[in-house]
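# Structure at a glance
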Amino acid sequence: MPIKSLDELIKIRESAMKKVNLRESGEDAEPMIELMVGMATCGIAAGARATLTALLDEIEAQSLENIRVVQVGCLGYCHSEPIVQVNMPGEEPMIYGNVDEKRAREIIQKHIIEKKFLDSAILNKTYNKA
Amino acid sequence: MDGVRSHIMVCGGTGCISAGAEDIIDALKAELDKVEYDQEVNVIRTGCFGFCGQGPVVKIHPDNVFYVKVKKEDAAEIVNEHIVKGRPVSRLLYTDPESNKKLDKHHQMSFYQKQYRIALRNCGLINPDDVYEYIAFRGYEALATVLQEQTPLQVIEVIKKAGLRGRGGGGFPTGLKWELTLKSPGAEKYIICNADEGDPGAFMDRSILEGDPHSVIEAMAIGAYATGSNKGIVYIRAEYPLAIKRLQTAIGQARELGFLGKDIFNSGFCFDIEVKLGAGAFVCGEETALIQSVEGSRGEPVRKPPFPSESGYLGKPTTVNNVETFANIPPIILKGADWFSGIGTENSKGTKVFALAGNVKNVGLVEVPMGTTLREIIFDIGGGIVGNKGFKAVQTGGPSGGVITSADLDTPIDYESLKNIGSMMGSGGMIVMDDETCMVNIAKFYLGFTQDESCGKCTPCRIGTKRMYEILDNITKGKGTEEDLAHLEELAPMIKDAALCGLGQTAPNPVLSTLEYFRNEYEDHVLHKYCTAGECKALAKYSIDPEKCIGCTLCAKACPVHCIQGAVKQIHVIDPAKCISCGVCARACKFDAVIKP
């Protein structure tokens with residue numbers, strides 16, 4: 001169907017952007033929120049994939065921008081998999097354990113949007129990095 | 001589950017496709033199917049990333065990891081390790097040649113660090129077959145803005161103020177060209193996109209059409225509106241099948257969404273584009289010859305004036321712009337003339353795409369701001385000379401340009417500076433030569449090319465280039481005399497002055513510039529029958545170092561013409577009169593005793 005005005009074009013652009021948003025990573029100067037999902041064997045076995053897809057789904061549902069979800073290897077907390085680490089620009093990273101689908105959505109709602117921590121799910125960092 | 005969490009971008013430029021990119025796409029899809037990730041990970045075929053020397057290239061979003069030299073056998077590992085477990089496959093990462101470190105992000109690589117992509121902005125970022133991806137990156141917004149808010153004269157004013165100049169080689173101000181067409185009387189006008197890229201080693205226009213065809217379509221529509229035209233023609237060489245296919249797909253999509261056709265954006269403006277295939281004659285890149293060819297006549301140039309802006313296609317006012325010029329238009333409209341004119345040098349604004357080829361490590365497509373030095377392009381972006389040999393010269397401007405030596409490597413590149421050092425911008429081919437390149441041979445190669453491509457209409461070009469080629473051929477065969485050099489210098493200005501079109505007027509340039517900077521090589525060929533670079537087979541003579549020869553007889557056995565004398569444990573000697581300079585003895589010798597010419 002023909003597009004007949006700039007406004008119409010911009011509307012179509014907005015929906016088209018959802019599809020390509022994740023390609024903007026690393027290209028722009030704005031700091032991004034990063035959600036790291038531990039997806040080593042232990043994480044996958046504990047259901048990290050469902051966690052990951054729930055995070056993506058919630059981000060889309062809330063139309064959040066400047067946020068990306070990346071999968072990483074084992075974070076070392078196999079006892080509490082699935083693990084999600086939240087990196088907010090300029091803040092200490094926060095690590096959450098036992099993140100099932102429900103808790104994943106909570107992370108988005110509480111931590112990212114309301115800026116409140118999910119106290120019951122926080123894991124203490126047990127090591128220092130070189 | 002409908003959330004896509006990762007995009008695997010596979011380069012679909014001609015370079016990577018011929019290196020097997022299509023197989024990689026199929027293999028990746030098959031592997032994703034196997035692990036049932038096909039719904040959440042998309043495999044996307046994009047345009048050229050530019051890093052052709054390291055192709056096929058695969059980039060993974062959102063992790064922003066850049067893989068090089070990928071083979072279809074690597075697909076399983078990429079999927080199982082990177083996609084499933086989040087662990088980048090380090091053996092496929094690019095190794096920085098200086099620090100020897102593996103780099104995973106493309107912006108860490110020196111190849112990309114100094115580049116600034118305007119014309120290539122979407123190449124490697126979007127799927128060229130999907131118009132919505134182009135729209136997502138502000139596609140057709142410039143056209144909509146222009147049609148709804150600006151008059152043709154206002155558009156021309158923006159382009160003039162931006163200082164955009166023709167990227168096909170001549171460097172004529174684009175805004176002025178548009179203005180001339182707009183002001184020419186007549187209701188019927190045309191706009192033509194020159195995609196007849198013919199310089200040896202140049203592939204920037206092809207890559208833009210393959211990677212971002214909509215940017216050219218959008219810009220043509222803007223240009224048509226500004227010049228008062230309703231019909232556009234893309235003249236593209238038939239040797240670019242992939243670019244043609246993607247362009248035609250894009251034109252179809254643009255028509256469906258109303259970016260081409262009648263009453264575009266409810267403005268009353270009508271415009272459509274037709275694709276014309278050229279048979280691949282170099283001279284058809286010259287605008288008058290191009291118009292002749294579009295009209296169905298022989299591709300021969302005609303005298304200017306009248307210029308095409310007054311009397312072009314079918315005798316009507318016509319604008320002819322190059323692909324890369326067009327690709328710059330939408331960003332100028334969206335970001336403004338001041339943004340564009342803030343990039344580059346005083347008289348050359350914006351960026352230029354170069355096709356980096358020859359004896360350089362990182363062969364590929366680079367886009368740099370005007371004013372970048374050749375040293376930065378060849379050594380920082382290009383990574384230096386293959387095999388760590390010495391740098392001898394770089395040829396810009398293809399067969400119309402000249403060579404640039406190390407003395408001028410620090411010249412900031414723009415239209416004028418290149419002319420001042422005896423070369424030209426041209427369409428952007430950049431052929432790097434190492435110290436084992438014979439400059440007489442290079443001149444001969446280019447003359448051979450122009451001689452082949454001369455249309456034959458005017459005598460200076462038809463016969464003049466032929467005579468020059470013959471002289472150069474004689475010199476490389478050891479039959480040259482000092483008089484020949486004088487003849488070359490006499491012929492060159494005659495051809496330049498008397499030829500009808502740009503092809504003939506610039507054809508002697510490679511000879512003149514090599515004569516200027518490498519006269520000693522010409523003299524070696526003529527006076528001493530000697531080719532320093534060892535490239536001219538007829539002049540090359542092998543000899544044996546008596547200090548190193550132990551008399552093993554291997555060379556004598558290997559010699560196909562039996563010109564090596566000597567018995568076991570005696571020093572061997574080559575008879576230069578019989579030697580055919582095949583080099584077999586040098587390869588046979590285990591003691592490095594054969595001295596190469």
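Residues numbered from 1 in each chain as written. Chains lettered and ligands numbered in written order. Predicted model: local features only at pLDDT ≥ 70, side-chain atom pairs only at ≥ 80, totals over all residues. Heavy atoms only, no water.

### With respect to the domain arrangement of chain B
For chain B, the assigned domains read domain 1 (6-108), domain 2 (131-340), domain 3 (351-434), domain 4 (439-527) and domain 5 (541-597). Put simply, the middle of domain 2 of chain B and the middle of domain 5 of chain B, counted by C-alpha atoms, are 61 Å apart. (Domains from an automatic or database assignment.)

### Quick word on helix α7 (residues 152-162) of chain B
All names here are of chain B. Looking at α7, one finds that the buried residues are Val155, Ile156, Ile159 and Ala162. For α7, the arc enclosing every buried residue in end-on projection is 125°, short of the 170-degree limit, so these residues lie on one face. Gly163 lies just past α7 and shows a positive phi near 80°. (Buried < 20%, exposed > 50% of the residue type's maximum accessible area, 1.4 Å probe, protein only. Helix = DSSP H or I, 4+ residues; strand = E, 2+ residues; numbered from the N terminus. Arc of directions from axis to C-beta.)

### What to know about the packing of helix α17 (residues 439-453) of chain B against helix α18 (residues 459-476) of chain B
All names here are of chain B. As a packed pair, α17 and α18 sit with axes 9 Å apart at the nearest point and diverge in direction by 150°. The pairing of α17 with α18 is recorded here as roughly antiparallel in orientation. Helix-helix and strand crossings are classified by hand; for α17 and α18 the assignment is left-handed. Contacts from Val440, Asn441, Ala443, Lys444, Leu447, Gly448 and Gln451 of α17 reach α18 at Thr465, Lys466, Met468, Tyr469, Leu472, Asp473, Ile475 and Thr476. Partitioning the contact of α17 with α18 into residue classes produces 7 nonpolar, 5 polar and 3 charged. (Axes fitted to C-alpha atoms, helices over the stretch in contact; angles between N-to-C directions. Parallel < 35°, antiparallel > 145°, perpendicular 65-115°, else oblique. Left-handed = near helix turned anticlockwise from the far one by under 90°. Contact = heavy atoms within 4.5 Å. Nonpolar A, V, L, I, M, F, W, Y, C, P; charged D, E, K, R; others polar.)

### Focus: the sheet that holds strand β9 (residues 272-278) of chain B
All names here are of chain B. The parallel open sheet is built from 4 strands, whose spatial order is β9-β8-β7-β10. Edge positions in the sheet fall to β9 and β10 (318-322), since each has one partner strand and no second. Between one strand axis and the next, the sheet turns through 20° on average, direction left out of account. As judged from the 6 bridges shared by strand β7 (residues 190-195) and strand β8 (residues 231-237), these two strands associate in the parallel manner. Directly across from Ala195, in β8, lies its bridge partner Ile236. On top of the sheet, helix α11 (residues 241-256) reaches β8 and β9; it is set at about 165° to β9, its chief contact. (Pairing = 2+ DSSP bridges.)

### Digging into the environment of B:Thr506
Residue and element names in this part refer to chain B. Here Thr506 is to be found in helix α20 (residues 502-506). Along the backbone, Thr506 and Val89 are 417 residues apart, and their C-alpha atoms lie at a distance of 50 Å. Excluding its chain neighbours within four sequence positions, the residues that come into contact with Thr506 are Pro399 and Ser400. In this structure the side chain of Thr506 is engaged in a polar contact, spanning 3.0 Å, whose partner is the side chain of Ser400. Among the polar contacts listed, one links the side chain of Thr506 to the backbone oxygen of Gly502, at a separation of 2.7 Å. (Polar contact = N/O pair within 3.5 Å; in protein donor to acceptor, adjacent residues only side chain to side chain.)

### Notes on the interface of chain B and chain A
With 50 residues of chain B at the contact, the number on the chain A side is 34 residues. Summing the contributions of chain B and of chain A, the shared interface buries around 3,400 Å²; its carbon and sulfur component is 56%. Connecting chain B to chain A are 2 salt bridges. As a salt-bridge pair, A:Arg49 and B:Glu40 come within 2.6 Å of each other at their nearest N and O atoms. Our enumeration of links across chain B and chain A arrives at 8 residue pairs in polar contact (both at pLDDT 80 or more). Put simply, the parts of the chain that give the side of chain B that touches chain A at least two residues each are β1 (6-11), β3 (58-61), α3 (75-85), α5 (131-136) and α6 (141-149) of chain B. The leading source of residues in the side of chain B that touches chain A is α6(B), at 5 residues. Class assignment of the residues belonging to the side of chain B that touches chain A gives a composition of 21 nonpolar, 14 polar and 15 charged. (Buried area = accessible area lost by both parts, 1.4 Å probe. Salt bridge = Lys/Arg side-chain N within 4 Å of Asp/Glu carboxyl O.)

### Describing the pattern of salt bridges
All names here are of chain B. Scanning all chains against the criterion turns up 43 salt bridges over all chains. A salt bridge links Asp74 to Arg91, with the nearest nitrogen and oxygen atoms 2.8 Å apart. Note that Asp74 is positioned in the loop between β4 (65-67) and α3 and Arg91 in the loop between α3 and β5 (94-95), a separation of 17 residues in sequence. In this structure, the salt-bridge partner of Arg467 is Glu470, at a minimum N-O distance of 2.8 Å. In this pair, Arg467 and Glu470 are both assigned in helix α18, 3 residues apart and thus about one turn of the helix distant. When its relative accessible area of 39% is taken as the criterion, Arg467 is described as partly exposed. Accessibility expressed as a relative area gives 32% for Glu470, which makes it partly exposed.

### Observations regarding the nonpolar core
A:Leu35, B:Ile8, B:Leu28, B:Tyr67 and B:Ile378 are the most contacted members of the largest nonpolar core, which totals 84 residues. Both domains that meet at this core, namely domain 1 (6-108) and domain 3 (351-434) of chain B, each give it at least three residues. Formed by 76 residues, the second largest nonpolar core is a distinct cluster that contains A:Ile3, B:Ile156, B:Phe203 and B:Phe269. (Core = buried A, V, L, I, M, F, W, Y, C linked by side-chain atoms within 4.5 Å.)

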